[in-house]
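Structural characterization, general
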Amino acid sequence: MEPILSKQEIAELLAAIKAGRISTDLIESSQPWPTRQAMPASHLDLFTVYERIRTSGELRIPNLDIILDNFCRRFSTSLTNAMLRNFVVERAEIATTVFQQSLADLNNQGAVGIYSTSPLKHGCLFHFDTLMAFTLLEIMLGSAQSNESLALNRNLTTIEISLLKTIMLDICNELANAMRPVADIQVQLNKVENNFRLVNIVEPETEVLVTRFNIRLAGELCGQMRLIVPYPTLEPLRERFKALVTVAQAANTWASQLAHEALAMDSLVIARSGHVNMTIRKILSLQPGDIVDLQYNPDQPLTILIEDQPLFQAIAGERNGKKAFHVTGRHSNRVGGIHGNT
């Protein structure tokens, strides 16, 4: 819910009270409160409001953010290795719009790569904005080590497009690897364009998912990248996206790792012949030579306790001059009743 006053308005109000411009005295009871006009009310479903606040693109294709975050990590590494600079790619949002509007939002600036995603239909687009494009070009042309990026107010030339094509080719492998938990696809860069009027992969009114990525160089924002995917391209994989969480959980190795490490842990093992309940008074009154009856039958097996939990039965004996016991089976309440249960 939105606050009634912003932080700045609260600060101004406190300053006005302190300066005496606003009185803190109570309104006299003789002065009637001004009448307020009734406002129309309507039923509010808080759950629906919450769902609307969430990014609509994530709702259309469940778990799509998992795939895109995986792509971010892969492309960050690829970009860092290619540019020999510390790049980080962060997913900002996933929104839905129509294809024509998604191209109009690019303002005909930067460069857009047209990709095919066989066997999926329609393919997808990756867009480098002007700031990102010129940042990469400066580094590729041997600029000095500097975090300051320059976004020139002009279209990219044919030579600059050719240079950026090498970076856009790296997206093919990274996107295919990120999508592998859902489907095996072959991603191929077909063309790089700086005239977006020539870009057409679906009908203008086709719904598309637009993912915006922030590109950071040494911690500083150096541009943005957008992924435009027609919804009909991903819709056949919707059920596979739903099952992605189950697949990810099955691939989690934490359980097996913990089980492996637990095998090397030390534990307390006790071979108990019997036990007896005694009051504190009896324990304090014990003297040397007193005999405590354990009610133990030597013909019955011992109880083997692991960290105070009875797990096995055993027979007492001797081996190599030392006391030992031979495990004969699992513990059961029926057999262990003579010499005590827990």
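Everything below is about the structure printed above this text.
Overview of the structure. (Residues numbered from 1 in each chain as written. Predicted model: local features only at pLDDT ≥ 70, side-chain atom pairs only at ≥ 80, totals over all residues. Heavy atoms only, no water.)

1. With respect to empty space enclosed by the protein
Applying the stated rule across the entire model yields 1 cavity of 30 Å³ or more. Reported here for the largest cavity is a volume of approximately 170 Å³. Among the elements of the structure, α4 (64-83), α7 (158-179), β5 (207-217), β6 (220-230) and α8 (231-234) are those that each provide at least two residues to the lining of the largest cavity. At 3 residues, α4 tops the list of elements feeding residues into the lining of the largest cavity. Among the residues making up the lining of the largest cavity, the classes are represented as 12 nonpolar, 4 polar and no charged. (1 Å grid on protein atoms, 1.4 Å probe; cavity = no way out; pocket = protein on both sides within 12 Å on 5 of 7 lines; lining within 4 Å. Points joined across faces, edges and corners; volume = space filled by probe spheres on them. Helix = DSSP H or I, 4+ residues; strand = E, 2+ residues; numbered from the N terminus. Nonpolar A, V, L, I, M, F, W, Y, C, P; charged D, E, K, R; others polar.)

2. Observations concerning the pattern of salt bridges
Per the stated rule, a full pass over the model turns up 7 salt bridges. The salt bridge partner of Arg212 is Glu93, with a shortest N-O separation of 3.3 Å. Here Arg212, found in strand β5, pairs with Glu93, found in strand β1 (residues 87-98); they are 119 residues apart in sequence, far enough to count as distant. We note a salt bridge from Lys242 to Glu239, for which the minimum N-O separation is 3.8 Å. Of this pair, Lys242 and Glu239 both sit in helix α9 (residues 238-242), 3 residues apart, which is roughly one turn of the helix. Lys242 gets classed as partly exposed once you look at its relative accessible area, which sits at 43%. (Salt bridge = Lys/Arg side-chain N within 4 Å of Asp/Glu carboxyl O. Buried < 20%, exposed > 50% of the residue type's maximum accessible area, 1.4 Å probe, protein only.)

3. Some details on the sheet that holds strand β2 (residues 111-118)
Judged by pairing direction, the sheet is antiparallel, and its 6 strands sit side by side in the order β1-β5-β6-β3-β2-β4 without closing on themselves. Strand pairing shows two members of the sheet lacking a second neighbour, β1 and β4 (186-193), which therefore form its edges. If you compare each strand with its neighbour and ignore which way they point, the axes differ by 20° on average. Strands β1, β3 (124-128), β5 and β6 of the sheet are contacted by helix α6 (residues 130-140), whose axis makes an angle of about 120° with β6. Each of β2, β3, β4 and β6 is contacted by α7, which is oriented at about 160° to β4, the strand it contacts most. (Pairing = 2+ DSSP bridges. Axes fitted to C-alpha atoms, helices over the stretch in contact; angles between N-to-C directions. Contact = heavy atoms within 4.5 Å.)

4. Here's the deal with the environment of Asp308
Within the secondary structure layout, Asp308 lies in the loop between β8 (302-306) and β9 (309-319). Sequence spacing of Asp308 and Ile270 is 38 residues, and the spatial spacing of their C-alpha atoms is 7.9 Å.

5. Overview of the sheet that holds strand β10 (residues 322-330)
Strand order in the open sheet formed by 4 strands is β7-β8-β9-β10, with antiparallel pairing between adjacent strands. The open sheet is flanked by β7 (269-272) and β10, the only strands paired with a single partner. Averaged over all pairs of adjacent strands, the angle between their axes in this sheet comes to 40°, without regard to strand direction. Both β7 and β8 contribute to a ladder of 4 bridges, which runs antiparallel. Within the sheet, the bridge partner assigned to Ala271 lies in β8 and is Ile304.

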